[in-house]
Amino acid sequence: SWRFFFLSFRKIYTILKNSLLIIQTKSKKTLARPNVKNIVLVEGVRTPFLLSGTTYSDLMPHDLARAALQGLLHRTAIPKDVVDYIIYGTVIQEVKTSNVAREAALGAGFSDKIPSHTVTMACISSNQAMTSAVGLIAAGQCDAVVAGGVEFMSDVPIRHSRKMRKTMLSLNKAKTLGQRLSLLGSIRLAHLSPELPAVAEFSTSETMGHSADRLAAAFGVSRVEQDEFALRSHSLAKKAQDAGLLQDVISFKVPGRDIVSQDNGIRPSSMEQMAKLKPAFIKPHGTVTAANSSFLTDGASAVLIMSEEKALAMGYKPKAYLRDFVYVSQDPKDQLLLGPTYGTPKVLERAGLTMSDIDVFEFHEAFAGQIMANLKAMDSDWFAQTYMGRKSKVGTPPMDKFNLWGGSLSLGHPFGATGCRLVTTVAHRLQKEGGQYGLVAACAAGGQVSDTHVQHSLVVPAMIAFCTYAKHLYEL
Amino acid sequence: MCFPLLIFFFLPHQARTHVSYELKDDVAVIRLNDPTSKVNTLSVQMQAELTEVMGEVWSNGAVKSAVFISTKPGCFIAGADINMIQACKSSEEVTSLSREGQKMFEKIEKSPIPIVAAINGSCLGGGLEFAIACQYRVATKSRKTILGTPEVMLGLLPGAGGTQRLPKMVGLPGAFDMMLTGRNIRADKAKKMGLVHQLVDPLGPGLKPAEERTIEYLEEVAVGVAKGIANKKVSLTKEKGFMQKLQDTVMGLGPVRKQIYKTVSDKVQKQTKGLYPAPVKIIEVRDCKGVKRVFFFCFFSSNFGKLAMTSESRALIGLYQGQVICKKNHYGTPEKEVKKLAILGAGLMGAGIAQVSVDKGLTTILKDTAVDGISRGEQQVYKGLNDKVKKKALTSFARDTILSNLSAQLDYSSFKSADMVIEAVFEDINIKHKVLKEVEAVIPPHCIFASNTSALPIKDIAAASKRPEKVIGMHYFSPVDKMQLLEIITTDKTSKDTTASAVSVGLKQGKIIIVVGDGPGFYTTRCLAPMLAEAVRVLQEGVGPKRLDALTTSFGFPVGAATLADEVGIDVAAHVAEDLGKAFGSRFGGGNVDVLKTMVEKGFKGRKSGKGCYIYGKGKKDKSVNPDAEEILKKYKLAAHPAISTDSDIQYRLVSRFVNEAVLCLQENILRNPVEGDIGAVFGLGFPPCLGGPFRFVDSFGAERLVGIMKRFEDIYGNQFTPCQLLLDHAKNPSKKFHK
């Protein structure tokens, strides 16, 4: 069953696209720049991504993050004291562990001398964790940083109403029995209704599913197109899972339960089955359904990022270079989910590459309709000229290079953890498919009003012969 | 040159310009667009083409359903063509027009194939009646999509079946509310009321501009629904809930219906005081169940016809048209658009001006001399916006974004980048001069200095200016966010570009604008002053505030004269009476100014001080006559002159002074035309809308008759009632009219 796949929190507001260029093998050309440090992805892992409310349901968020960290330690055998810093991304915060990075690190047995912090940037929170790590290394602050992300939707903080909270806080301060009784007496039925995490975007009061449906309609994306894309995602994910390609997944022994070692949201269906579903947000004529949206997911991810120098000195064979990235943001109402369209040409220009240079594309699939809308926007001269100030269209990524091992629609989308999965998947696909450049794009919530472009940029330098790496990598 | 001919030959029919249609599978999509106007109206041409197209659609066996949609952005059908109604010479002509409309709508209602109205933008009056004759309605949730029956505001009734179909759709109370208030209903509310079946979200930009794609999407959804109805997948009858059924049953009971009609009639009578025939007719037309349908339609068509010929309807239509004229900038595009506005004085006025500016995207500085002042002012702006949030007309996020346009400060910092400064400081020429000099020392050369004064001549204020061409008057009315009028005052030296800028800012603030010449009291204050002087005399003669209020409201003023004085402020009234008394001499006499002065001395400054003619309690309606004020009146008691003290005499004493002064303003070129005079008096001072303003009043009442009445008063009170030359001219020659 598709059940509640979605609970859109204070998601998408800015669209923010994060793009990481990953280079490898075949010597086309190097993207290294003089006087900029080379930064590498050494390893990336994740817990299996599970539908929320299933096997992980009795855990806490830091438990999942702990599992990912321990998996990373196990895979890399890195001495715990070599890690200089730990950064985690998350969206819905468990109030007891608001710096979930720190709790998870301590729980995973890292030294208590390693500082850690938590970042939040909606669906690209772990992208933010990774780029923060890149920043720390580039600035010479650190040599080895663990970045990751976690999301736990089986339990979310549900609060008392504001009225009730106010009464309870006053109760704390009440000195006499009389004061207490009068406060208790002021409680009405209305005080007792709970407050769920915001279902709608704070700035526009619109849920993300609703926004995605409007976006799909704006670009004329049909229901069939969306269902087809969702089916493609599930089929490819199933194939990748069966072929054992999802090497980033680690096994996790859940206390009191069995060992979990596979994602459980992958379920290829048929077009007929999918066509039966009713629209989930815009009724009765909408096109976004449970089957063509990503579902509520529990999961955590982690990556080890190092300066190339340090990685080589320690005898690692890095999986990829992390070359460049860009964040953009625009109108939270009508262009909420169009980040990839805006960000892709920017990051390509920064790197001096074109669309055709890229061998592997990994785009975050929030909704099938959102992906299709982005593809149509990238294919439109009018859109590029009217909204992006370009002379001509961005161009679309070829589908035979696009999300070939499934995506968020099928593998699941634990908001804070997806970014690391995308980057690790690009590295693994480059290795498997023998490509050189990969590109990651994801859209997310949060940010500024209107079309201000927030652009964070970081430059990474130095010449390295990556042919050598190709050899190493192929030997792995 | 033969090109147009070619087109003619290749078209199967004579080219239709307003209505077109195409087949999408078995759905006929009928598109409306009047190429000659900004909005679609049910003009003769539109109706003729519609009838023709519907004939073709109905006779085409391949068509299983139809969709009506407008391709005009922001407008479905804005109503009947007012010019068409105005062009009618007799009520019979209007009646036949109305009957034509009804016939067409009835055909649509009984259409053999389902018809879906796809609504984006204004759907008003005849447009709404058209839409509710269709079987199904889909509307966009756009802010521009509004539904309503504003006919009552033009002194008419929904003339094409609305009075019959609306109650079936939204229930009797809802229908009365719509028809009697004429208010606009937004799409989401319309859905809740049952006026539309389905809503469509407006889209953002995609592969086409947002608005264009939204209309296309609306059409796609409507076509889908039309197909669904045709093949019975979409049901037209909604299963009613228990409460709805119960309500319907109760409403159907004879005594209950009677009670509803009675309540509504009483309420209407109370509010209109019998001055407006349209609401009464609306109830009458509704309240005749049992009359055979055919007769029935004839019956209310003739009522529609009769209403259209009433002077009230002519007056209200005149106001509507005047308002359209006064919402245009007749002075061209200003050289530099005002983006940053600075306001001096954060009092009720200053903050009110800020309130209507920040939400229109103007960067606004609110400057005062005291921290308390700006704190109060900022709170007023916040409250204004927050009240909208409470009514769900605004999100809290939008409120915050809007407030980011406002900066409150005590000094002149950043005035150097202001494009316009509006001063709303105390009404004292020395203070005005002081701030003018201070401001001119810091503002850039292009910056305009506007004074929000209600009586001080602008040229006196400009006398202290180094650049009088940049000085202008902008007279706002309190409360600024509610009162629609803005009176702009130009001096001989004010440049045309300065005027253009002031008008453009006013329009942005959503105001109806009149531009008048300079002089003591300009136009509005100058008309009001003699009437208030007369009101004071009437009070001195022993007519209590309550009776004075009753006399004025029963004449059609929305607010009684005594209450009005309290609202304006007794101190302001005293100030104005004294200033204008000096300027115009005994003509502005009447009541004793000392009455007002004594009241001010005792602290009875009107509503703002809690006491004036009345004592104001906490509640809005909670007021009783102030006995201390009555004491003062007794002290200044005058003997009433029995020959001119009947109720009707008192009313005409008040009104004739107002009207005479207005006509004098036109004679002296303070006013540019009678239209602006009528608009200013109605929207700024509450002159009875059913009379259409002082000039339309003279036209319909008869100048000769008015002069006759004034002569009677003149015999006793002298020059205060001497008719001005222009009024005498009109009295001499009855063919002379202010309005054509």
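- Chain B has the name Trifunctional enzyme subunit alpha, mitochondrial in an unreviewed UniProt entry, where Myripristis murdjan is given as its organism.
- For the record of chain B, the UniProt heading Subcellular location (unreviewed entry) holds the text "Mitochondrion inner membrane".
- Turning to chain B, the UniProt annotation filed under Subunit (unreviewed entry) states: "Heterotetramer of 2 alpha/HADHA and 2 beta/HADHB subunits; forms the mitochondrial trifunctional enzyme. Also purified as higher order heterooligomers including a 4 alpha/HADHA and 4 beta/HADHB heterooligomer which physiological significance remains unclear. The mitochondrial trifunctional enzyme interacts with MTLN."

- Per an unreviewed UniProt entry, chain A carries the name Trifunctional enzyme subunit beta, mitochondrial and comes from Myripristis murdjan.
- Annotation of chain A in UniProt includes, under Pathway (unreviewed entry), the sentence "Lipid metabolism; fatty acid beta-oxidation."

### Remarks on the UniProt feature "site: Important for long-chain enoyl-CoA hydratase activity" (unreviewed entry) in chain B
Residues and elements named next belong to chain B.
Alright, step 1. The sites that carry the UniProt feature "site: Important for long-chain enoyl-CoA hydratase activity" (unreviewed entry) are, in the present numbering, Glu129 and Glu151. Spatial clustering of the annotated residues is evident: they stretch over 23 residues in sequence, but the largest pairwise C-alpha distance comes to 11.3 Å.
Alright, step 2. In contact with glutamate 129, not counting residues within four places along its chain, are Phe105, Glu151, Pro158, Gly159, Ala160, Gly161, Gly162 and Arg165.
Alright, step 3. Along the polypeptide, glutamate 151 turns up in the loop between strand E8 (146–148) and helix H6 (162–170).
Alright, step 4. Taking the relative accessible area as the measure of exposure, glutamate 151 reaches 9% and is therefore buried.
Alright, step 5. The residues touching glutamate 151, leaving out its near neighbours within four places in the chain, are Gly125, Gly126, Glu129, Leu156, Leu157 and Pro158.

### A few points about the domain arrangement of chain B
Residues and elements named next belong to chain B.
Alright, step 1. Taken domain by domain, chain B holds domain 1 (19–235 + 242–309), domain 2 (340–509) and domain 3 (524–732).
Alright, step 2. Distance between the C-alpha centres of domain 2 and domain 3: 29 Å.
Alright, step 3. With ten residues of domain 2 at the contact, the number on the domain 3 side is ten residues.
Alright, step 4. Summed over both sides, the interface of domain 2 with domain 3 buries roughly 760 Å², with 61% coming from carbon and sulfur.
Alright, step 5. The three residues of domain 2 that bury the most area against domain 3 are Ser454, Ala455 and Leu485, which together make up 46% of that side's buried surface.

### As for the pairing of strand E5 (residues 116–119) of chain A
Residue and element names in this part refer to chain A.
Alright, step 1. Sheet analysis places strand E4 (residues 85–89) next to E5, joined by four bridges and oriented parallel. Residue pairing in the sheet places isoleucine 87 in a bridge with histidine 117 of E5.
Alright, step 2. Following the backbone out of E4, through helix H2 (residues 100–107) and into the adjacent parallel E5, one traces a crossover that is right-handed.

Analysis parameters
Residues numbered from 1 in each chain as written. Chains lettered and ligands numbered in written order. Predicted model: local features only at pLDDT ≥ 70, side-chain atom pairs only at ≥ 80, totals over all residues. Heavy atoms only, no water. UniProt positions renumbered as here; feature names shortened; annotations may be inferred. Contact = heavy atoms within 4.5 Å. Helix = DSSP H or I, 4+ residues; strand = E, 2+ residues; numbered from the N terminus. Buried < 20%, exposed > 50% of the residue type's maximum accessible area, 1.4 Å probe, protein only. Domains from an automatic or database assignment. Buried area = accessible area lost by both parts, 1.4 Å probe. Pairing = 2+ DSSP bridges. Right-handed = clockwise from strand over helix to strand, strands pointing away.

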